[in-house]
Amino acid sequence: MSEQRIEAKLPDYGTRTDEITIYAGPCSVESEEQFFEVAECISDLGLTWIRGGAYKPRTNPHSFQGLGEEALKIMKAGGEKYGLKTLTEVMDSEHCELVHSYVDGLQVGARNFQNFSLLKNIGKVTKDSHKMVLFKRGFAGTIAEWLAATDYITMEGNDNVVLCERGLRTFETATRFTLDITAVPVIHKQSLLPICVDVSHPAGVRDLVPSLARAAVAVGADSIMIEVHPNPPAALSDGPQQLTPAQFRVLVEELREIAAVFGKKIV
Ligand code: PEP
Ligand code: MN
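Predicted model only: the values in this text are computed from it and were never measured.

Novice: Would you explain helix α2 (residues 69-82) in this entry?
Specialist: Working note: α-helix, 3.6 residues per turn, so residues spaced by three or four point in the same direction. Along its 14 residues, α2 runs 20 Å from first to last C-alpha, staying within 8% of the 20 Å computed at 1.5 Å per residue. Residues of α2 that are buried include every one of Ala71, Leu72, Ile74, Met75, Gly78, Gly79 and Tyr82, and no others. Taken end-on, α2 shows its buried residues confined to a sector of 160°, consistent with a single buried face. Summarising the geometry of α2, the exposed residues directed more than 90 degrees from the buried face are Glu80 and Lys81. Buried residues belonging to α2 abut α1 (32-44), β2 (49-51), β3 (85-89) and α3 (96-102).

Spelled out as structure tokens, the structure:
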């Protein structure tokens, strides 16, 4: 039998850039006071982006739907005041232009994973600005479907897309979703796009967030999404999973130490 030589050194799919970007901020933008408090914390930590929901994809139509354009105005003002880039979800094609005019990054949520007309419209609206599009994986989407759907955005002329793993629906009921951490090296293997790990939505509870964030750094994520709210029990959406600014600060300091092991910086 002929012997096949297998190299001892396996490829390193975990290292792509030397910076890990954190997209932190509240699930929903609820008021100027709430958003600015989080913005101040993020900017004190020397981070570059803040996220926040203006249009919320809620399972129940009676739940808080977001402040809409009022939230976009708060985000723009907060971003300018604290020197941060802003990221928010676009839920409908009719809002593409409006959202694009207020923020630096546009998010496609898990529930719109295969809303191909929305994906095309986001590609069109960002064609000249090349603003970042953060494209979340659907709860039941395969990686092949995800990469194929990404082309609906990029074929319109914007390849500044960040893929975001946010947990899948599985048979497991202990957590809200199951985080597919394997998606990170698989995306690095199959695509040139950066991959973000959302560590707040898979678990659905705050005490699991630090563990998932540590895993995201170690697995080689290019960016991490973390929800932060000044008073999580009073949050209008996703209260149980949001970190307080104090908890977020402790976590970022720890992630910086872990990132340093891989020669990376958290920004
Ligand atoms: C969010 O980021 O607040 C959100 C609604 O995420 P997802 O689309 O992953 O549920
Ligand atoms: Mn949320």
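Read on for the rest.
Novice: Where do I start with the packing of aromatic side chains in this structure?
Specialist: The relative placement of two aromatic rings is captured by the distance of their centres and the angle of their planes. Within this structure, the stated rule accounts for five aromatic pairs. Between tyrosine 23 and tryptophan 49, the ring centres sit 5.4 Å apart and the planes meet at 75°, which makes this aromatic pair edge-to-face. Here the residue tyrosine 23 occupies a position in strand β1 (residues 19-25), and tryptophan 49 occupies one in strand β2, the gap between them amounting to 26 residues. Judged by centre distance (5.0 Å) and plane angle (35°), the rings of phenylalanine 139 and phenylalanine 177 are tilted. Taken as a pair, phenylalanine 139 in the loop between β5 (132-136) and α5 (143-154) and phenylalanine 177 in the loop between β6 (161-165) and α6 (183-190) lie far apart in primary sequence, 38 residues in all. Between the NZ or CZ atom of arginine 166 and the centre of the ring of phenylalanine 177, over which it lies, the distance is 4.2 Å.

Novice: Please explain the environment of valine 217 as it appears in this structure.
Specialist: Looking at the element boundaries, valine 217 is found in helix α7 (residues 209-219). Exposure remark for valine 217: the relative accessible area of 1% places this residue in the buried category. Between the C-alpha atoms of valine 217 and arginine 249, which are 32 residues apart in sequence, the distance is 16 Å. Residues within four places of valine 217 in sequence aside, it is in contact with Ile20, Ile224, Leu255, Ile258, Ala259 and Phe262.

Novice: For this particular structure, what's the right way to read the pattern of salt bridges?
Specialist: Side chains that differ in sign of charge can pair as their charged atoms come close. Under the definition given, this model contains nine salt bridges. Residues arginine 51 and glutamate 227 are paired through a salt bridge, measuring 3.3 Å at the closest nitrogen-oxygen approach. Residue arginine 51 is located in strand β2, and its partner glutamate 227 is located in strand β8 (residues 223-227); the two are separated by 176 residues in the primary sequence. In this structure, arginine 51 and glutamate 227 share a single accessibility class: buried. Beyond isolated ion pairs, a larger network of salt bridges with shared partners links Arg137, Glu165 and Asp180.

Novice: Can you walk me through the site of ligand 1 in this structure?
Specialist: Around ligand 1 lies a shell of 13 residues, among which Arg51, Ala110, Arg111, Lys136 and Arg166 are the nearest. Between ligand 1 and the protein, one listed contact pairs an oxygen atom with a backbone N or O atom of alanine 110 at 2.8 Å. Histidine 201 is positioned such that a nitrogen or oxygen atom in its side chain is 3.2 Å from an oxygen atom of ligand 1. Against a free-state accessible area of 300 Å², the protein chains account for coverage of 96% of ligand 1. In terms of residue class, the shell around ligand 1 is made up of three nonpolar, three polar and seven charged.

Novice: Sorry, what's going on with the environment of glutamine 34 here?
Specialist: Looking at where glutamine 34 falls in the secondary structure, it is placed in helix α1. With relative accessibility at 6%, the residue glutamine 34 sits in the buried group. The sequence separation of glutamine 34 and proline 230 amounts to 196 residues, and the corresponding C-alpha distance is 6.5 Å. In this structure the side chain of glutamine 34 is engaged in a polar contact, spanning 2.9 Å, whose partner is the backbone oxygen of serine 28. A polar contact of 3.4 Å, which involves the side chain of glutamine 34, links it to the side chain of histidine 229.

Novice: What is the right way to read the side chain of histidine 100 from this model?
Specialist: Among the secondary structure elements, histidine 100 is positioned in helix α3. With sequence-adjacent residues up to four places away left out, histidine 100 is seen in contact with Leu106, Val125, Thr126, Ser129 and Lys131.

Novice: Help me understand the packing of α7 against helix α8 (residues 245-261) in this model?
Specialist: Working note: a packed helix pair is described by the angle between its axes plus the distance between those axes. Interaxial distance between α7 and α8 falls to 10 Å at its minimum, and their mutual angle equals 25°. Comparing their axes, α8 and α7 come out roughly parallel. Seen from above, α7 lies across α8 with right-handed handedness. Across the interface between the two elements, Val209, Pro210, Ala213, Arg214 and Val217 of α7 pack against Leu251, Glu254, Leu255, Ile258 and Ala259 of α8. Of the residues assigned to the contact of α7 with α8, the class counts are eight nonpolar, no polar and two charged.

Cut-offs applied
Each chain has its residues counted from 1, running along the sequence as written. Just so you know, chain letters begin at A and ligand numbers begin at 1, following the order they were written in. Reporting of local features is limited, given that this is a predicted model, to residues whose pLDDT is at least 70; pairs of side-chain atoms are given and counted only at 80 or more, and all residues count toward the totals for whole chains, interfaces and linings. Excluded from the side-chain calculation are hydrogens and water; included are all heavy atoms of the structure. Strands here are runs of E lasting at least two residues and helices are runs of H or I lasting at least four, both read from the DSSP assignment and numbered beginning at the N terminus. Expected helix span is given by 1.5 Å per residue-to-residue step, counting one fewer step than there are residues. When a residue's accessible area, from a 1.4 Å probe over protein chains only, is under 20% of the maximum for its type it is buried; when over 50% it is exposed; and in between it is partly exposed. The reported arc concerns the directions from the helix axis to the C-beta atoms and nothing else. The contact definition used throughout considers only heavy atoms, calling two residues in contact when any of these lie within 4.5 Å. Each Phe, Tyr or Trp ring (for Trp, its six-membered ring) is paired with any other whose centre lies within 6.5 Å, and the angle between the two planes then decides the class: stacked below 30 degrees, edge-to-face above 60, tilted in between. We count a charge as sitting over a ring when the NZ of a lysine or the CZ of an arginine lies within 6 Å of the ring centre and within 35 degrees of the ring normal. Salt bridges are identified by distance alone: a Lys or Arg side-chain nitrogen within 4 Å of an Asp or Glu carboxyl oxygen. Near residues are defined by distance, with any heavy atom within 4 Å of the molecule or strand qualifying the residue. Polar contact is the term for a pair of N or O atoms within 3.5 Å; when the atoms are in protein, one must be able to donate a hydrogen and the other to accept it, and sequence-neighboring residues count only if both atoms are side-chain atoms. Here the accessible surface of atoms and residues is derived via Shrake-Rupley with a 1.4 Å probe, and residues count as covered only by protein chains that are part of the display. Asp, Glu, Lys and Arg are counted as charged, while Ala, Val, Leu, Ile, Met, Phe, Trp, Tyr, Cys and Pro are counted as nonpolar; the rest, among them Gly, fall into the polar class. Note on geometry: axes are lines fitted to C-alpha atoms, helical ones only across the stretch in contact, with angles between N-to-C directions running from 0 to 180 degrees. Relative orientations are named as follows: roughly parallel for angles under 35 degrees, roughly antiparallel for angles over 145 degrees, roughly perpendicular for angles from 65 to 115 degrees, and oblique for any other angle. The crossing is said to be left-handed when, going from far helix to near helix, the turn is anticlockwise and less than a right angle, and right-handed when the turn is clockwise.

Everything listed here is a matter of coordinates, which is why it stays silent on function.
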